[in-house]
Amino acid sequence: MKILTADQIKKCDSATIENGISSINLMEKAANACVDWIQVNFKQAKRFLIFCGQGNNGGDGLAIARLLYEKGFDVEVFIEKNQMKFSADAEINFKRLKLIKGIDINNFSDVLIVNNEKSVIVDALFGYGLNRELSNDFKNLIEKLNQIPVPKISIDIPTGLYADKINEEESAIFKADFTLTFQFYKRSFLHPETGKFCGKIEVLDIDLNSKFIDEVKTDYFVIDGSLIRKIYKPREDFSNKGSFGKSILIGGSYGKIGAVLMSTLSALRTGSGLTFTMAPECGNLILQSQVPEAMFIGVGEKYVDDIEVQEKAVYGIGPGLGKEKQTQKALFDFLKSYQNPMILDADALNILAESQNLNLIPKNSVITPHPLEFERLFGKTQNSFDRIELAKEKAEELQIFIVLKDHHTAVITPERKVYYNITGNSGMAKGGSGDVLTGILTSLISQKYDIEKACLFGVWLHGKAGDLAAAEFSEESMLPTDLINKIGEVFQNLS
Ligand SMILES: NC(=O)C1=CN([C@@H]2O[C@H](COP(=O)(O)OP(=O)(O)OC[C@H]3O[C@@H](n4cnc5c(N)ncnc54)[C@H](OP(=O)(O)O)[C@@H]3O)[C@@H](O)[C@H]2O)[C@@H](O)CC1
Ligand SMILES: Nc1ncnc2c1ncn2[C@@H]1O[C@H](COP(=O)(O)OP(=O)(O)O)[C@@H](O)[C@H]1O
Ligand SMILES: [K+]
């Protein structure tokens, strides 16, 4: 799914209106989509307190108020009565609302005396039209609303957030439990500093002009199920183990054998034809007994001190590797002699960061840093938006794929495209989850998935398996190994 800027959404809106539907009917459609969702998800609510601004986001709120009232809910509307300069469509909806006797229209300043019992607050103050800092009056209102302990829904965007950039630190932002957004994810939903205000995100389809959406240029995308279905390749019947590639997972050191073990198991569970673990001898027995399907190649006693070059294999290097001097030398020797794309993770990245010898990374390789590893490789940035910009620069300069791990992991391509993942959960915030991703990516690339597609499929699959593990064991209790055991269920649901 494409992600558009506020400006592009406005143009998409206009293209939709030029192609038939009037702007007031588009607003009605948007309001109806919200009300349909609210009716299903807030059946028990008694009263909706709807805060409306003067633009089209406020217009949506006024239309939602009328439609909820017609469905039998109690509704109170809050506006700025002293300064009513509604946009044209908001004005029409305000007039329609005033015809209904049963809806109280209050001033923002009446918020302190609201009856909260079984109430739901709806924020329709500002949407993608926010283009400057909020005034103190709005900031105060938002701070008051944030403190009222009732469920909160934002229409399109939590008020105070921009669609596609980060806020000043001191700005007030409405803290939603749910954001009902129209047609597209907004970039601000996907970054840690801003996304935390959105709660659960529901993207409501309001049929915006599909030709415009197909043609509009953007660098930013969300990885969704329909994209994955296009990437997924079912296995051929007439095949053998050689048809599904050779994955070699390199890593492990004394005390950290589990890391490379989990990568190995993930590669197998993702379909790798032949799977090898290249690790120090101290891991041999553990690996052979825990993962009998994998073949062991001993390189060193307690840590990796050599890397064997094999033809026609895809290497995933780093989990549990450690940074011993001999390991560093082994990695550099290997990178100097082997130029095919590979996956580099964890200590393989830390070793490269310390030497700053990043040009040794073969073209089209995949690196999988978490934010701290990214900083060690490429330096500090002010915030996560700047981090993505720097990642775009580096992916292009080094001609590599950067899988920047986070709550919403981003895949950044050498062509500077950015794909955000929306599967996964905080149950994955445990040592070992990243090792699993390395195994998945190595396996997909060894099975000849195009590298960009392997990255998109891999991060999605990893998160999806994590979601299934959380559903069964809880976010607290699920383990990276539970996630590995759910990979199969994700494939079953794909085929
Ligand atoms: N295609 C879609 O997705 C559809 C979208 N729809 C809805 O339209 C919404 C966008 O509406 P919108 O363009 O009228 O902007 P909105 O957010 O209501 O702001 C209003 C105006 O406030 C102003 N302003 C800005 N910052 C300010 C500030 N800090 N303090 C004070 N004022 C400030 C600024 O005007 P300015 O003062 O710059 O002239 C701005 O234009 C969208 O989020 C969705 O809910 C649906 O109805 C139909 C389909
Ligand atoms: N809160 C979260 N929500 C979604 N995914 C998460 C969250 N925390 C961690 N993850 C995922 O788990 C993995 C953690 O990787 P990493 O930090 O390298 O762990 P390790 O190296 O210890 O295995 C990444 O793929 C990341 O996207
Ligand atoms: K809003």
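Residues numbered from 1 in each chain as written. Chains lettered and ligands numbered in written order. Predicted model: local features only at pLDDT ≥ 70, side-chain atom pairs only at ≥ 80, totals over all residues. Heavy atoms only, no water.

As a further point, take the coordination of the potassium ion (ligand 3). Surrounding the potassium ion (ligand 3) are the protein donor atoms N57 (OD1), D123 (O), F126 (O), I155 (O) and I157 (O), which sit 2.6 to 3.1 Å from the metal. According to the relative accessible area criterion, F126 is partly exposed, its value standing at 25%. A relative accessible area of 0% places I157 in the buried class. (Donors = N, O, S within 2.8 Å, 3.2 Å for Na, K, Ca; no water. Buried < 20%, exposed > 50% of the residue type's maximum accessible area, 1.4 Å probe, protein only.)

Overall, the coordinates contain 19 aromatic pairs when judged by the stated rule. Ring geometry for F51 and F78: centres 4.4 Å apart, planes at 10°, overall stacked. Of the two residues, F51 is situated in strand 1 (residues 47–52) and F78 in strand 2 (residues 74–79); the sequence distance between them amounts to 27 residues. Neither residue differs from the other here; F51 and F78 are each classed as buried. Residues Y185 and F189 carry aromatic rings whose centres are separated by 6.5 Å and whose planes lie at 65° to one another, so their mutual orientation is edge-to-face. (Phe/Tyr/Trp six-rings, centres within 6.5 Å; stacked < 30°, edge-to-face > 60°. Helix = DSSP H or I, 4+ residues; strand = E, 2+ residues; numbered from the N terminus.)

A surface patch of like charges, here negative, comprises E281, E301, D305, D306 and E308. Tracing the backbone through its elements, the reader meets D305 in the loop between strand 11 (295–298) and strand 12 (314–317). Note on D305: relative accessible area 33%, which makes it partly exposed. (Patch = residues over 30% accessible without salt bridge, like charges linked within 9 Å, V, L, I, M, F, W, Y side chains within 5 Å. Areas by Shrake-Rupley, 256 points an atom, 1.4 Å probe, with all protein chains shown as cover. Salt bridge = Lys/Arg side-chain N within 4 Å of Asp/Glu carboxyl O. Lys, Arg positive; Asp, Glu negative; His and termini not counted. Charge placed at Lys NZ, Arg CZ, Asp CG, Glu CD.)

Each packed pair of helices is defined by two parameters, the angle between the axes and the distance between the axes. Two numbers describe how helix 15 (residues 433–446) lies on helix 17 (residues 480–494): the axes approach to 9 Å, and their chain directions differ by 30°. With respect to their mutual orientation, helix 15 and helix 17 come out roughly parallel. Helix 17 is crossed by helix 15, and the crossing has right-handed handedness. Residue-level contacts link S433, V436 and I440 of helix 15 to P480, L483, I484 and I487 of helix 17. In terms of residue class, the contact of helix 15 with helix 17 is built from six nonpolar, one polar and no charged. (Axes fitted to C-alpha atoms, helices over the stretch in contact; angles between N-to-C directions. Parallel < 35°, antiparallel > 145°, perpendicular 65-115°, else oblique. Left-handed = near helix turned anticlockwise from the far one by under 90°. Contact = heavy atoms within 4.5 Å. Nonpolar A, V, L, I, M, F, W, Y, C, P; charged D, E, K, R; others polar.)

Here we come to the site of ligand 2. Surrounding ligand 2, one finds 16 residues, the nearest of these being K405, D406, H407, G432 and G434. The separation between a nitrogen atom of ligand 2 and a polar side-chain atom of H407 is 2.7 Å. For ligand 2, a nitrogen atom lies 3.2 Å from a polar atom in the backbone of N425. Relative to its unbound accessible surface of 570 Å², ligand 2 loses 80% to contact with the protein. Among the elements that make up the shell around ligand 2, the one with the highest residue count is helix 15 (three residues). Residues that form the shell around ligand 2 fall into these classes: two nonpolar, 11 polar and three charged. (Near = heavy atom within 4 Å. Polar contact = N/O pair within 3.5 Å; in protein donor to acceptor, adjacent residues only side chain to side chain.)

On to a positive patch on the surface, then. On the surface, K233, K312, K448 and K453 cluster together into a positively charged patch. Summarising the element assignment, K453 is placed in helix 16 (residues 451–473).

Moving on, we get to the pattern of salt bridges. In this structure the tally under the stated criterion is 22 salt bridges. As a salt-bridge pair, E133 and K139 come within 2.5 Å of each other at their nearest N and O atoms. By relative accessible area, E133 is classed as partly exposed at 39%. Among the residues examined, K139 registers a relative accessible area of 13% and is labelled buried. Taking the shortest distance from any N to any O, the salt bridge between D333 and K329 comes out at 2.8 Å. Placement of the pair is D333 and K329 together in helix 11 (residues 325–337), with a separation of four residues, close to one helical turn.

The strand order across the open sheet formed by 10 strands is 8-17-16-15-14-13-12-9-10-11, and the pairing between neighbours is mixed. Only two strands of the sheet have a single partner each, and these edge strands are strand 8 (220–223) and strand 11. Where strand 14 (residues 366–367) and strand 15 (residues 401–404) come together, two bridges link them in parallel fashion. Looking at strand 15, one finds that V366 is bridged to F401. Contacting strand 8, strand 15, strand 16 (410–412) and strand 17 (418–421), helix 14 (residues 384–398) runs over the sheet at an angle of about 155° to strand 15. Lying on the sheet, helix 16 is in contact with strand 8, strand 14, strand 15, strand 16 and strand 17; it crosses strand 15 at an angle near 10°. (Pairing = 2+ DSSP bridges.)

Attention now moves to the UniProt feature "binding site: AMP" (unreviewed entry) in the chain. Residues annotated by UniProt as "binding site: AMP" (unreviewed entry) correspond here to K405, D406, H407, H408, T409 and G434. Sequence-wise these annotated residues cover 30 residues; spatially they are packed, their C-alpha atoms never more than 13.5 Å apart. For H408, the location among the structural elements is in the loop between strand 15 and strand 16. H408 has contacts with F189, L190, Y420, N421 and I422, leaving out every residue within four places of it along the chain. (UniProt positions renumbered as here; feature names shortened; annotations may be inferred.)

This part is about the site of ligand 1. Taken together, 22 residues are adjacent to ligand 1, and N57, D60, G127, R132 and D156 come closest. Between ligand 1 and N56 there is a distance of 2.9 Å, counted from an oxygen atom to a backbone nitrogen or oxygen. With respect to ligand 1, the backbone of G127 contributes an N or O atom lying 2.6 Å from an oxygen atom. Burial of ligand 1 by the protein amounts to 80% of the accessible area it has alone, namely 940 Å². Of all the elements in the fold, those that place two or more residues in the shell around ligand 1 are helix 1 (6–18), helix 2 (23–41) and helix 3 (56–70).

Strands pair in a sheet through their backbones, by hydrogen bonds, and they do so in one of two ways: parallel or antiparallel. Spatially, seven strands are ordered 3-2-1-4-5-6-7 in an open sheet, and the strand pairing comes out parallel. A strand with exactly one partner marks an edge of an open sheet, and here the two such strands are strand 3 (104–107) and strand 7 (200–204). The mean inter-strand angle of the sheet, taken between neighbouring strand axes irrespective of direction, is 20°. For strand 1 and strand 4 (residues 119–124), the ladder comprises six bridges, and the chain directions are parallel. Counted as the bridge partner of F51 is D123 from strand 4. The strands that helix 2 touches are strand 1, strand 5 (152–155), strand 6 (178–182) and strand 7; relative to strand 6, the one it contacts most, it runs at about 145°.

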